[in-house]
Amino acid sequence: MATSSWTSRRSSVVCKHGMVSSSQPLASQIGIDILKHGGNAADAAVAMAAALNVTEPCGTGIGGDAFCLFYDAETKTVKGLNGSGRSPAGLALEKVHSEGYQPSEKLPVGHGHTVTVPGAAAAWVDTVEKFGSGKLSLGDILSPAIRLAEEGFPVHGTASVFWEMGAHTLTGETNPHGGTMLLNGKPPRQGEIMKLPCLANTFRTLVAEGKTGFYSGRIAKAIVEAVDRAGGVLTVEDLEAHVTTFEDPISVDYQGVRVWEVPPNGQGITALMALNILEGFDLKDTKHNSTEYLHLLIESLRLSFADTLWYVTDPTVVDVPVKGMLSKEYAAERRKKISKNSCLSGCDRGSPMSSSDTVYLSVVDTEGNACSFINSNYMGFGTGLVPEGCGFTLQNRGWSFSLDPTHPNCLAPCKRPYHTIIPAMITDTKDGSLLASYGVMGGYMQPQGHVQVLLNMLEFGMDPQQALDQPRFCIGPGHQGASGTIQFEDGIDPRTLEELQVMGHDVHGPVKGLQKRALFGRGQVITKGAWWSQSDRIANEPGVWWGGGDPRADSLTIGY
């Protein structure tokens with residue numbers, strides 16, 4: 001693929017009825033077709049998630065996990081679905097230590113022990129049953145993806161790059177069926193026709209037999225065999241025990257809007273904590289991406305990560321102090337640690353105890369409902385392990401567990417790990433009306449992206465496309481942590497980077513090129529009206545959808 005010159009320009013898409021936005025044009029087209037055939041936002045979201053599994057298996061799939069937030073226009077409520085899987089019942093910390101892994105270490109990213117139960121299949125079915133229109137069957141919703149997989153599709157440019165980057169995980173003695181995800185033994189090039197007939201059969205089984213067809217029988221047995229070959233202990237009983245959970249989302253008020261995230265074990269609370277801290281600063285008085293502005297965002301996110309990387313885990317196993325972490329009082333206490341002239345020498349976690357390679361897509365429908373949906377294998381193809389006859393790879397989400405027995409997020413049986421994938425939504429604090437369905441994918445970049453994109457709109461009046469186009473920063477290496485070096489994307493003033501370095505920040509950049517820029521995530525935004533606008537030239541018509549797609553992907557936003 002030719003190196004991107006990064007000079008293209010796109011306007012936000014505007015329309016009156018429904019809108020979809022994803023990282024892949026074929027998936028977006030499928031989503032808009034579902035809406036036009038009577039489906040709602042949830043129906044279209046699942047159809048697009050399945051299509052993205054076909055066209056971008058190097059980032060997502062039915063072998064991974066999924067989360068969603070659904071806005072019900074009739075009741076003006078936001079509802080949450082957690083489709084993350086749990087560790088095997090037979091995987092105790094003592095077993096991992098007995099195999100030679102130390103408390104300070106991480107498991108190898110492709111080891112069978114990193115495979116948690118894939119939650120996406122159940123999440124797709126449950127999203128349709130709980131939030132769908134009821135007008136379309138699961139077969140109607142998955143049939144476009146089945147056709148894509150069976151008849152073949154031309155591989156898009158960005159997907160071909162990341163397919164090639166992850167192709168090494170699809171080979172090896174422990175992965176005899178990985179070749180089914182390659183084309184004549186090689187990753188497909190841009191424009192080549194790729195077929196995934198085994199994946200089409202997996203989707204057909206899900207349609208015919210529902211969740212049982214995935215979590216027991218042929219597919220379950222193949223998953224267990226693939227994990228066993230890679231040294232894992234997952235069983236069919238682990239798969240059969242899986243359940244999706246429906247959860248009340250968490251939220252905070254910021255500058256007149258309410259920002260919603262899925263609660264822990266998701267990391268969305270990181271973005272909310274950072275917004276609480278930033279609320280005490282007058283960001284409008286700072287220039288966008290100036291030294292002062294970036295310093296305040298970086299410090300607020302570093303303080304938030306210091307807490308969430310310790311406290312966030314499965315709340316059914318370990319108490320997570322969510323109320324304390326989201327309190328305005330705690331934010332004020334943490335805010336005091338920020339100096340406007342120098343960076344924190346260290347970022348220790350606080351005590352918030354109180355009395356109490358991923359794809360993201362966004363869909364809104366003509367009724368005003370919205371679905372903020374995210375689906376991931378974790379690191380590219382995940383483990384890269386392909387179950388026989390199934391056509392998908394298994395995630396390595398269990399890599400997020402700590403092997404330190406004193407850590408709240410330590411590995412334990414039947415436990416959900418700290419989870420990076422997070423959908424977001426924004427509503428009006430006063431009346432609960434929908435303002436935006438949005439998200440930014442990409443490991444630990446995700447809450448950082450949520451904050452940066454939101455502030456681009458809310459504080460600086462950018463439309464959705466402009467907000468996504470702006471250069472970003474990322475604390476840490478992306479998928480493997482959120483501390484250390486701060487990466488800055490090309491486009492931020494070099495003098496600003498010099499000034500941040502003088503303040504003590506560990507600056508790296510400017511980061512250029514498609515592959516390296518993947519570190520900064522890929523987002524999609526759909527807003528209801530132009531509430532973000534600070535210009536008299538743009539009318540804030542409440543019946544108009546505005547949407548944008550990330551230039552760091554082959555994004556396409558379509559409205560009708």
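Residues numbered from 1 in each chain as written. Predicted model: local features only at pLDDT ≥ 70, side-chain atom pairs only at ≥ 80, totals over all residues. Heavy atoms only, no water.

Here's the deal with the overall build of the protein
Applied cut-off: To qualify as a helix, a DSSP run of H or I must reach at least 4 residues; to qualify as a strand, a run of E must reach at least 2; elements of each kind are numbered from the N terminus. Atoms counted for the radius of gyration: C-alpha only. Globule rule: 2.2 Å times residue count to the power 0.38. The cut-offs for exposure are 20% and 50% of the maximum accessible area for each residue type, with area from a 1.4 Å probe on protein chains only; residues under the lower value are buried, those over the upper are exposed, and the others partly exposed.
Check the secondary structure of the protein and you find 18 helices and 19 strands. Compactness check: the protein gives a C-alpha radius of gyration of 22 Å against a globular reference of 24 Å for 560 residues, within 12% of the reference. Projected onto its principal axes, the C-alpha positions of the protein cover 60 × 55 × 50 Å. Residues counted as buried form 63% of the 560 residues belonging to the protein.

Some remarks on the sheet that holds strand β15 (residues 486-489)
Cut-off, in case you're wondering: Two strands qualify as a pair provided DSSP detects at least 2 bridges between them. Fitted lines through C-alpha atoms serve as axes, helices being fitted only where they are in contact, and the angles separating the N-to-C directions of these axes extend from 0 to 180 degrees. Residue contacts are defined here by distance: any two heavy atoms, one from each residue, within 4.5 Å place the two residues in contact.
Spatial strand order, β14-β15-β16: three strands in an open sheet with mixed pairing. Edge positions in the open sheet fall to β14 (473-475) and β16 (507-511), since each of these has one partner strand only. Within the sheet, the average angular offset between the axes of one strand and its neighbour, ignoring direction, is 20°. Pairing geometry for β15 and β16, over three bridges, is parallel. Bridge pairing in β16 places Q487 opposite H508. Helix α12 (residues 291-311) rests against β14 and β15 of the sheet, and its axis sits at about 30° to β14.

Observations concerning the nonpolar core
Going by this rule: What we call a nonpolar core is a set of buried Ala, Val, Leu, Ile, Met, Phe, Trp, Tyr and Cys residues that are connected through their side-chain atoms within 4.5 Å.
Core analysis: the biggest nonpolar cluster contains 99 residues, and W124 and F373 have the highest contact counts within it. Per-element accounting of this core gives the leading share, twelve residues, to helix α2 (residues 41-55). Residues in contact with F373, not counting those within four places in the same chain, are A45, V46, A49, A66, F67, C68, W124, T127, V359, Y360, L361 and P423.

Examining α12
Note the following rule: Helix span is expected to be 1.5 Å times the residue number reduced by one.
The terminal C-alpha atoms of α12, which comprises 21 residues, lie 30 Å apart, in line with the 30 Å expected from a rise of 1.5 Å per residue. Most of α12 is tucked away, with 19 of its 21 residues classed as buried.

Re the environment of V511
By the element assignment, V511 lies in strand β16. C-alpha separation for the pair V511 and K430, spaced 81 residues apart in sequence, amounts to 40 Å. In contact with V511, not counting residues within four places along its chain, are Q487, F488, E489, D490, K516, R517 and F520.

Side note on the side chain of H111
Within the secondary structure layout, H111 lies in the loop between α3 (93-98) and α4 (120-131). The class for H111 is buried, based on a relative accessible area of 14%. With sequence-adjacent residues up to four places away left out, H111 is seen in contact with Y101, A230, G231 and T383.

Observations concerning the environment of R537
Here R537 is to be found in the loop between β17 (522-528) and β18 (545-549). Here the alpha-carbon distance between R537 and D463, two residues 74 residues apart in the chain, equals 13 Å.

Things to note about the packing of α12 against helix α15 (residues 445-458)
Stated precisely, the cut-off is as follows: Crossing handedness is read from the near helix: turned anticlockwise from the far helix by less than a right angle, it gives a left-handed crossing, and turned clockwise, a right-handed one. Residue polarity is assigned by list, with Asp, Glu, Lys and Arg as charged and Ala, Val, Leu, Ile, Met, Phe, Trp, Tyr, Cys and Pro as nonpolar; anything else, Gly included, falls into the polar class.
Remark: α12 packs on α15, axes separated minimally by 11 Å, with the N-to-C direction vectors making an angle of 145°. For the pair α12 and α15, the sense of crossing is right-handed. Contacts between α12 and α15 involve Y293, L297, L301 and F305 from the former and P447, Q448, V451, Q452, L455 and N456 from the latter. For the contact of α12 with α15, the residue count by class is seven nonpolar, three polar and no charged.

Some details on the pairing of strand β12 (residues 424-428)
Burial of β12 is extensive: four of the five residues sit out of reach of the surface. By the bridge criterion, four bridges tie β12 to strand β13 (residues 434-441) in an arrangement that is antiparallel. In the sheet register, A424 faces β13, and the bridge partner there is Y438. As consecutive antiparallel partners, β12 and β13 are separated by five residues, and within that stretch G432 has a phi angle of approximately 75°, a positive value.

Comments concerning the pattern of salt bridges
Operational definition: Salt bridge, as used here, is a side-chain nitrogen of Lys or Arg placed within 4 Å of a carboxyl oxygen of Asp or Glu.
What the rule picks out here adds up to 17 salt bridges. Beyond isolated ion pairs, a larger network of salt bridges with shared partners links R472, E489, R517, D550 and R552.

Brief notes about the sheet that holds strand β9 (residues 257-261)
Read across the sheet, seven strands follow the order β1-β18-β17-β13-β12-β9-β8 without closing on themselves; strand pairing throughout is antiparallel. The open sheet has two edge strands, β1 (13-15) and β8 (250-254), and neither has a second partner. When the angles between neighbouring strand axes are averaged without regard to direction, this sheet yields 15°. Two elements, β17 and β18, share five bridges in a ladder whose sense is antiparallel. Looking at the pairing, I526 lines up with G547 of β18. Across the sheet, α15 is in contact with β8, β9, β12, β13 and β17; its angle to β13 comes to roughly 140°.

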